[in-house]
Amino acid sequence: MKNIRNFCIIAHIDHGKSTLADRLLEYTATVSERQAQAQVLDDMELERERGITIKSHAIQMDYELNGEKYVLNLIDTPGHVDFSYEVSRSIAACEGALLIVDSTQGIQAQTISNLYQAIEHDLHIIPVMNKMDLPNAMPDEVEDQIIDLIGCDREEIIRASGKTGEGVHDILSAIVDRIPAPQGDEKGPLQCLIFDSVFNSFRGIIAYFKVVNGEVHKGDLVKFMATGKEYDADEIGVLRLDMEPRKVLRTGDVGYIISGIKTSKEVKVGDTITHVKGGCDKRIEGFEEVKPMVFAGVYPIESDDYEDLRASMEKLQLNDASLTFEPESSAALGFGFRCGFLGMLHLEIIQERLDREFDMNVITTVPNVPYNVYTKKGELLEVHNPSGLPEPTVIDRIEEPYIHAQIITKSEFIGQVMTLCLAKRGELQKQHYLTADRVELNYSMPLAEIVFDFYDKLKSISKGYASFDYYATGFKPAKLIKLDILLNGESVDALSTLIHFDNAYTLGRRMCEKLRELIPRQQFDIAIQAAIGAKIIARETVKAVRKDVTAKCYGGDISRKRKLLEKQKKGKKRMKQVGNVEVPQKAFLAVLKLD
Ligand code: GDP
Ligand code: MG
């Protein structure tokens, strides 16, 4: 145990976490030259393309310093707010963290929010300034920022480059010298912290864990405390580039267990594994059930594909327990599912995977956050869909989820950022200058406002010089009402939204305008209306057009005609028939793209 070091890397996105991790693996000869494929740790295709680490992983390295052999476990953490609970569990499995700051960028919002979590868990922090090879590195300024942030000595900050390898040996020796060995009671009852799980089509669910106390042997009868389910530890081992089976894992070790677990729901990140006989009676602290924070309807474009869509969702859920779904029907869209996601990125990822891995052509409806609705009788209803809202007369109050937001930007953009946050119902909590021209703003804001294009707007008003992170803080009452959209007099349930009363009129008008742009002209006039209850608050019309698209080809050119018809057919695929109106997918997300 005294020669084990468990650590993670915290960094803002693109500051070089994956690249530096690869260098560590290379310098400790964990990967051979031949295996050295860029960014070994990001092994999902989608992760690579998007350059983000979606699921956390762990990897063990051997390292020798002054004749002493050490085992270093790198626990990789996801870098996006949608997955912040997984970050917190990975951090809880470590004793130290590398804090990587891009020397050309300085400290950013995610650097800070992840750092706070690491400090909360008493991790030893090793500050690293990365990308020192770049000519526009600002080492002195960034050093000042780091010192100001964590209160370390200037000498403690390691200057490094994931590209040239500068500083990598210093980082490795700092991991051994500065990060404490894991603590824990080697003779005590078994307690393992699960920090991740993956689905393997041959072996089922594989859980990753750290042994906090005691030891576990192959074949032991173990229990996952959150579910109470018991399993035989068929195989346990450590994570190198591949899984390497072991007979025993001891206090401080990081490893995996394969025990015939069929679905991801049985393995909850943050849960405790113990022995059935002589086990511990308390779970490791900090366990939470992750709850979806964004909901949306997912409908097949062809209603015949409903069962296929269900099968695809079930498969996705096997390895992504944070995805929830339940059948739902919409008068406009037919049969589909109401799905819960951790956040907008998660939603996009699932949508993309449905398309890529399952070839499912789906319509996604306007996302919304979960609402707590209290009835006059004092009941609490969790509403995941605006059309599931009870009659206004029975509602006592509605509460919506709030977040604590951290925004870091250049001082010159403070005015615009504050205006934006105010428009998004934000309340300024704290304003703090990191340096003369960089400021950290803290806001309390409704989550719903973040879901709707907040980040894009923030980026554009700050010309990219703003970073943003948040965590959920609980529910607060809000004056929310349901805004309905009618097409030719028929209310389209999939276009209903719950919004704040103050924004209803403006939003209703803009929705109608946007839909007029997005809904193609058809053979008859289409009336688009926005309504609150029975009251129409806005109206637009899409004028009729003659159907024959070939009419504009002035007779003649047959091949051109055929092309046009094919184009029309293709265009149709992304359309959904709603009553007698054809509505494109884009229209269902119109509310997200209003300016
Ligand atoms: P992550 O999002 O923190 O995992 O960042 P990545 O490791 O994916 O790196 C983001 C980008 O920065 C990639 O294009 C890397 O090639 C580049 N990069 C990472 N480290 C360095 C470095 O030390 N020097 C230079 N010049 N580029 C780097
Ligand atoms: Mg990465």
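Model, not experiment: these values are computed from the prediction.

Right, let's talk about the site of ligand 1 for a bit. The local shell around ligand 1 holds 16 residues, among which Asp14, Lys17, Thr19, Asp133 and Gly162 are the closest. One nitrogen or oxygen atom from the side chain of Asn130 is found 3.3 Å from an oxygen atom belonging to ligand 1. Ser161 is positioned with one of its side-chain polar atoms (N or O) 3.2 Å from an oxygen atom of ligand 1. With three residues, helix α1 (residues 17-27) is the single largest residue contributor to the shell around ligand 1. Its residues placed into classes, the shell around ligand 1 shows two nonpolar, nine polar and five charged.

In this model, Asp122 sits at a positive phi of 60 degrees, which is unusual for a non-glycine residue. Examined against the element boundaries, Asp122 turns out to sit in the loop between α4 (109-120) and β5 (124-130). On the basis of relative accessibility, which here comes to 66%, the residue Asp122 falls in the exposed class. Here Asn488, not a glycine, exhibits a phi torsion of approximately 45 degrees, which is positive. Note on placement: Asn488 falls in the loop between β27 (480-487) and β28 (490-491). Taking the relative accessible area as the measure of exposure, Asn488 reaches 30% and is therefore partly exposed.

Looking now at the pattern of salt bridges. In total, this model carries 27 salt bridges according to the counting rule given. Between Lys2 and Glu68 there is a salt bridge, with the nearest N and O atoms lying 3.5 Å from each other. One end of the pair, Lys2, is in the segment before β1 (4-11); the other, Glu68, is in strand β3 (residues 68-75), and 66 residues separate them in sequence. Overall, Lys2 belongs to the exposed group, its relative accessible area being 60%. The closest approach of N and O atoms between Glu382 and Lys291, which form a salt bridge, is 3.8 Å. Residue Glu382 is located in strand β22 (residues 380-383), and its partner Lys291 is located in the loop between β16 (272-275) and β17 (294-300); the two are separated by 91 residues in the primary sequence. Counted as one network, the salt bridges with shared partners bring together Asp140, Glu143, Asp144, Arg154 and Arg159.

The next thing to look at is the domain arrangement of the protein chain. Assigned domains within the protein chain: domain 1 (4-178), domain 2 (191-275), domain 3 (294-367), domain 4 (372-478) and domain 5 (482-592). The C-alpha-based centres of domain 3 and domain 4 are spaced at 26 Å. Facing seven residues of domain 3, the contacting portion of domain 4 comprises five residues. Where domain 3 abuts domain 4, roughly 530 Å² becomes buried across the two surfaces, and 63% of that area is made up of carbon and sulfur atoms.

Of all eight residues making up β1, eight are buried, and the element is well covered by its neighbours. Alternating residues of β1 divide into Ile4, Asn6, Cys8 and Ile10 and Arg5, Phe7, Ile9 and Ala11, and every residue in both groups is buried. Sheet topology places β1 next to β3; five bridges connect them, and they run parallel. By the bridge assignment, Cys8 is partnered in β3 with Ile75. Bridge analysis of β1 against strand β4 (residues 96-102) gives five bridges, and the strand direction is parallel. Looking across to β4, one finds that Ile9 is bridged to Leu98.

This part is about the UniProt feature "binding site: GTP" (unreviewed entry) in the protein chain. UniProt tags Asp14, His15, Gly16, Lys17, Ser18, Thr19, Asn130, Lys131, Met132 and Asp133 as "binding site: GTP" (unreviewed entry). Topologically, Thr19 is positioned in helix α1. Residue placement: Met132 occurs in the loop between β5 and α5 (139-150). On the basis of relative accessibility, which here comes to 16%, the residue Met132 falls in the buried class. If sequence neighbours within four positions are ignored, Met132 has contacts with Ser103, Ala137, Pro139, Arg159, Ala160, Ser161 and Glu166.

Orientation of helix α3 (residues 84-92) relative to α4, taken along the N-to-C sense of each, is 40 degrees, at an axis distance of 9 Å. Judged by the inter-axis angle, α3 sits oblique to α4. Helix-helix and strand crossings are classified by hand; for α3 and α4 the assignment is right-handed. Taken together, the residues of α4 that come into contact with α3 (itself represented by Ser84, Val87, Ser88 and Ile91) are Asn114, Gln117 and Ala118. Here the residues of the contact of α3 with α4 are counted per class, giving three nonpolar, four polar and no charged.

What follows is about the sheet that holds β4. Read across the sheet, six strands follow the order β2-β3-β1-β4-β5-β6 without closing on themselves; strand pairing throughout is mixed. The sheet is open, and its two edges are formed by β2 (58-65) and β6 (158-159), each paired on a single side. Strand direction decides the pairing type here: β5 and β6, joined by two bridges, are parallel. Bridging across to β6, Met129 finds its partner in Arg159. Lying over the sheet, α1 contacts β1, β2, β3, β4 and β5, oriented at roughly 155 degrees with respect to β1. Contacts from α4 reach β1, β4 and β5, with the element oriented near 150 degrees to β1.

Calculation criteria
Residues numbered from 1 in each chain as written. Chains lettered and ligands numbered in written order. Predicted model: local features only at pLDDT ≥ 70, side-chain atom pairs only at ≥ 80, totals over all residues. Heavy atoms only, no water. Near = heavy atom within 4 Å. Polar contact = N/O pair within 3.5 Å; in protein donor to acceptor, adjacent residues only side chain to side chain. Helix = DSSP H or I, 4+ residues; strand = E, 2+ residues; numbered from the N terminus. Nonpolar A, V, L, I, M, F, W, Y, C, P; charged D, E, K, R; others polar. Buried < 20%, exposed > 50% of the residue type's maximum accessible area, 1.4 Å probe, protein only. Salt bridge = Lys/Arg side-chain N within 4 Å of Asp/Glu carboxyl O. Domains from an automatic or database assignment. Contact = heavy atoms within 4.5 Å. Buried area = accessible area lost by both parts, 1.4 Å probe. Pairing = 2+ DSSP bridges. UniProt positions renumbered as here; feature names shortened; annotations may be inferred. Axes fitted to C-alpha atoms, helices over the stretch in contact; angles between N-to-C directions. Parallel < 35°, antiparallel > 145°, perpendicular 65-115°, else oblique. Left-handed = near helix turned anticlockwise from the far one by under 90°.

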